[in-house]
Amino acid sequence: MCPSSSFNSSSTSPITNAATISPPNIVPPSPICTSTYHLVRQSLPPAIFNHSLRVYLYTQALAQCANSPWVAPDRLPLLFVACLFHDMGCATENDGPQRFEVCGADAAAGHLRKFEVNDTDVQEVWTAISLHTSPGIAERITPLARLVRLAVLMDFNELEKSSWITESELEVDEENYRRSIEERFPRLSAEKVLGDIVVEQGMRQSTKAPAASWAGVMVRAAKEEPEWEGINKAF
C-alpha cells in the first residue's frame, strides 16, 4: 500500500459541496493548480468535483508505488489538471458537439495554454483525458493516461476490470485508504450524477455519445429502459 504522502484525512473538514473557499492541502501549491481547483469547483456538480479530487489522490498513490516521474514537482500540476478536468465535458460551458471526453480534454488544453504550458505537455494531458474511458488503450498509450484510467477505475471500485493491472497497483486499492478518502471527499452518488449528465448530453447531441463509446452504451441502455431511475445499467 502506497498512499499519497500529501493526503491527511484529519487535516480539513470534508468537502460536501462546491462552496469551499480555500483549496485543501492536497492541491499542489502552484497558480495552475489553484486556478484549476476554483474553475472546476465552480463548473461541476459537487459529486463529480469530489470524484475528480479522489481520482487525483488515487493517481498520486499509484504513481508513488510505481516511482513514476509524474509525482515530481514539475509534473504534479499536469497530473492535477488531468484529473480535475477529466470529466469537465459535463460542465455547461464545455457542452460542445464533440465526445464528452474530448470536450473535457479541449477545456484542459485551453486552460493550460493560459499558463504558457508547452505543447508537448498539453498534448500529454489532452490524451489522458480524451482516452480515460477507453479500456485497453488508456492503460498503454502513455504513463499519464494509464494513471488517470486506473484511478477512475479505483474510484468506481472496478480496478480489477482492467486487463493491464499489476499486483503492485492492486495493492494501492486498499479498503481503509479508500474509506479515509471518501470520508473527506464524499461520494454524493457520483455514479448516478455523472451517468445522468452524460446520458442527457448524449440524448441531446448524438455526436457526444458515439454508439461504441462509453457514453453511447449508456445512452442505449437509457433508451431501452426509459422507466429506470437508478444508476444507468451500463455505467
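How each quantity is defined
Residues numbered from 1 in each chain as written. Predicted model: local features only at pLDDT ≥ 70, side-chain atom pairs only at ≥ 80, totals over all residues. Heavy atoms only, no water. Core = buried A, V, L, I, M, F, W, Y, C linked by side-chain atoms within 4.5 Å. Buried < 20%, exposed > 50% of the residue type's maximum accessible area, 1.4 Å probe, protein only. Helix = DSSP H or I, 4+ residues; strand = E, 2+ residues; numbered from the N terminus. Contact = heavy atoms within 4.5 Å. pLDDT = per-residue confidence, 0-100. Phe/Tyr/Trp six-rings, centres within 6.5 Å; stacked < 30°, edge-to-face > 60°. Lys NZ or Arg CZ within 6 Å of the ring centre and 35° of its normal. UniProt positions renumbered as here; feature names shortened; annotations may be inferred. Salt bridge = Lys/Arg side-chain N within 4 Å of Asp/Glu carboxyl O.

- The protein is annotated in an unreviewed UniProt entry as HD/PDEase domain-containing protein of Letharia lupina.

### Here's the deal with the nonpolar core
In step 1: Residues Y56, L84, F85, L112, V125 and L144 are the most contacted members of the largest nonpolar core, which totals 66 residues.
In step 2: When residues of this core are assigned to their parent elements, the largest contribution, 10 residues, is made by helix α2 (residues 46–65).
In step 3: Beyond its immediate sequence surroundings of up to four residues, V125 is in contact with L78, V81, A82, A108, L112 and L144.

### With respect to the confidence of the model for the protein
In step 1: A residue-level look at the protein finds 91% of positions with pLDDT of 70 or above and a mean pLDDT of 92.
In step 2: Taken as a whole, residues 10–20 scores under 50 in pLDDT and shows 24 contacts with residues more than four places along the chain or in a different chain.

### Notes on the packing of aromatic side chains
In step 1: Under the counting rule described, the total for this entry stands at six aromatic pairs.
In step 2: On the basis of an interplanar angle of 75 degrees and a centroid distance of 5.2 Å, the ring pair of W214 and F235 is categorised as edge-to-face. In this pair, W214 is assigned in helix α11 (residues 214–224) and F235 in the segment after α11, connecting sequence segments 21 residues apart.
In step 3: The exposure class of F235 is buried, given its relative accessible area of 18%.
In step 4: Its end group placed over the ring of W164, R140 keeps NZ or CZ at 4.5 Å from the ring centre.
In step 5: Sitting over the ring of W228, K233 keeps its end group 4.3 Å from the ring centre.

### A short note on the UniProt feature "domain: HD/PDEase" (unreviewed entry) in the protein
In step 1: The feature "domain: HD/PDEase" (unreviewed entry), as annotated in UniProt, sits at residues 44–166 in this numbering.
In step 2: Split by type, residues 44–166 is 59% helix and 0% strand. Its first and last C-alpha atoms lie 32 Å apart.

### Looking at the pattern of salt bridges
In step 1: For the coordinates displayed, the defined rule picks out 15 salt bridges.
In step 2: Here R179 and E175 are joined by a salt bridge, their closest N and O atoms 2.9 Å apart. Here E175 and R179 lie together in helix α9 (residues 175–184), a separation of four residues that amounts to about one turn.
In step 3: The class for R179 is partly exposed, based on a relative accessible area of 37%.
In step 4: Residue class for E175 comes out exposed when judged on its relative accessible area of 56%.

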